[in-house]
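The chain contents come next:
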Amino acid sequence: MIIIQLFYVLFLAICASALVWGGKPEKAAVLILVPGFLLSMLAVSPLSQRFANVELGLFLVDSAMLTAFVILALNAERYWPLWMSAMQAIQVISHLPIIFIPELLPQAYGAVIGIWSYPMLALLGIGTWRHRQRLKKFGADKSWSNF
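Cut-offs and rules
Residues numbered from 1 in each chain as written. Predicted model: local features only at pLDDT ≥ 70, side-chain atom pairs only at ≥ 80, totals over all residues. Heavy atoms only, no water. Axes fitted to C-alpha atoms, helices over the stretch in contact; angles between N-to-C directions. Helix = DSSP H or I, 4+ residues; strand = E, 2+ residues; numbered from the N terminus. Parallel < 35°, antiparallel > 145°, perpendicular 65-115°, else oblique. Contact = heavy atoms within 4.5 Å. Nonpolar A, V, L, I, M, F, W, Y, C, P; charged D, E, K, R; others polar. Left-handed = near helix turned anticlockwise from the far one by under 90°. Expected span 1.5 Å × (residues − 1). Buried < 20%, exposed > 50% of the residue type's maximum accessible area, 1.4 Å probe, protein only. Arc of directions from axis to C-beta. Patch = residues over 30% accessible without salt bridge, like charges linked within 9 Å, V, L, I, M, F, W, Y side chains within 5 Å. Areas by Shrake-Rupley, 256 points an atom, 1.4 Å probe, with all protein chains shown as cover. Salt bridge = Lys/Arg side-chain N within 4 Å of Asp/Glu carboxyl O. Polar contact = N/O pair within 3.5 Å; in protein donor to acceptor, adjacent residues only side chain to side chain. Phe/Tyr/Trp six-rings, centres within 6.5 Å; stacked < 30°, edge-to-face > 60°.

K.L.:
Outline the packing of helix α4 (residues 80-93) against helix α7 (residues 117-138), listing residues and values.
P.N.:
Close contact between α4 and α7 brings their axes to 10 Å; oriented N to C, the two are set at 170 degrees. Between α4 and α7, the angle falls in the class roughly antiparallel. On α7, the residues touching W80, W83, M84, M87, Q88 and Q91 of α4 are S117, P119, M120, L123, L124 and G127. Residue classes in the contact of α4 with α7 are distributed as eight nonpolar, four polar and no charged.

Dropping the structure here:
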């Protein structure tokens, strides 16, 4: 349980710092992460059945978040959204083994799809910090690509 509580604290702290000190891409990431987090909590099966089969609702939320992160990565003048998209893609793909290996332990399935949340938060924190560093050094930090 302590790991879940730690995640909640990190999630709130990093998202709040990105909203306060981040640039537009960092704020956009928060607008992807917060609804995704809330929808994931609603989409997951009841505890007694959780991760016994494919979590279809969670898969759909993760897929929507992947789409949003790819759009962010294509438009942002940052590298970290590319990494965020890759991590989210791994999270989406992690739903597939339970289809082919139905005897997969629910704990293993749950751990694999949840583990990427921590590095994604760290990435947003680092992205926010790097944005602040560029502002200090150059006085400006371009948010969006001309692509």
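K.L.:
How would you sum up the packing of helix α1 (residues 2-21) against α7? Please name residues and give values.
P.N.:
The contact between α1 and α7 brings their axes to 10 Å, and the two run at 25 degrees. Looking at the two axes, α1 sits roughly parallel to α7. Like other packed secondary-structure pairs, α1 and α7 cross with a definite hand, here left-handed. Every residue of α7 that contacts α1 at I3, I4, F7, L10, F11, I14, S17, A18 and W21 is listed here: S117, Y118, L121, A122, L124, G125, T128, H131 and R132.

K.L.:
Let's hear about helix α3 (residues 56-75): which residues, and what values?
P.N.:
Under the 1.5 Å per step criterion, the end-to-end length of α3 is 29 Å for 20 residues, consistent within 8% with the ideal 28 Å. Where α3 is concerned, the buried positions are L58, V61, D62, M65, L66, F69, L72 and A73. On an axial view of α3, the arc spanned by its buried residues comes to 145 degrees, and they lie on one face. Exposed and oriented more than 90 degrees from the buried face of α3 are L56 and L60. On its buried face, α3 is in contact with α2 (24-43), α4, α6 (106-114) and α7.

K.L.:
Residues and numbers for a nonpolar patch on the surface, please.
P.N.:
A cluster of nonpolar residues, V54, L56, L60, I93, L96, I99, F100 and I101, forms a patch on the protein surface that exposes about 770 Å² of accessible area. Mapped by element, the contributors of at least two residues to the nonpolar patch are α3 and α5 (97-100). Looking at the element boundaries, L96 is found in the loop between α4 and α5.

K.L.:
An account of the environment of L96 is requested, with residue identities and associated values reported.
P.N.:
Accessibility expressed as a relative area gives 36% for L96, which makes it partly exposed. Sequence-wise, L96 and Y109 are 13 residues apart; in three dimensions their C-alpha atoms are separated by 9.6 Å.

K.L.:
Describe the side chain of R78, with residues and values.
P.N.:
The residue R78 is located in the loop between α3 and α4 in this model. Taking the relative accessible area as the measure of exposure, R78 reaches 6% and is therefore buried. There is a polar contact of 2.9 Å between the side chain of R78 and the side chain of E26. Among the polar contacts made by the side chain of R78, one reaches the side chain of D141 at a distance of 3.2 Å. Ignoring sequence-local partners within four residues, the contact set of R78 consists of G23, P25, E26, H131, R134, D141, K142 and S143.

K.L.:
Break down the packing of aromatic side chains for me, with residues and values.
P.N.:
Taken as a whole, this structure holds seven aromatic pairs when the rule is applied. With a centroid separation of 5.7 Å and 35 degrees between ring planes, the pair formed by F7 and F11 is classed as tilted. Of the two residues, F7 and F11 both sit in helix α1, four residues apart, roughly one turn of that helix. Each member of the pair, F7 as well as F11, is classed as buried. Relative to Y118, the ring of F7 lies with its centre 5.4 Å away and its plane at 75 degrees, an arrangement referred to as edge-to-face. Placement of the pair is F7 in helix α1 and Y118 in helix α7, with a sequence separation of 111 residues. Each member of the aromatic cluster is reached from another via a ring pair, and the members are F7, Y8, F11, F37 and Y118.

Any functional reading would require information beyond the geometric quantities listed.
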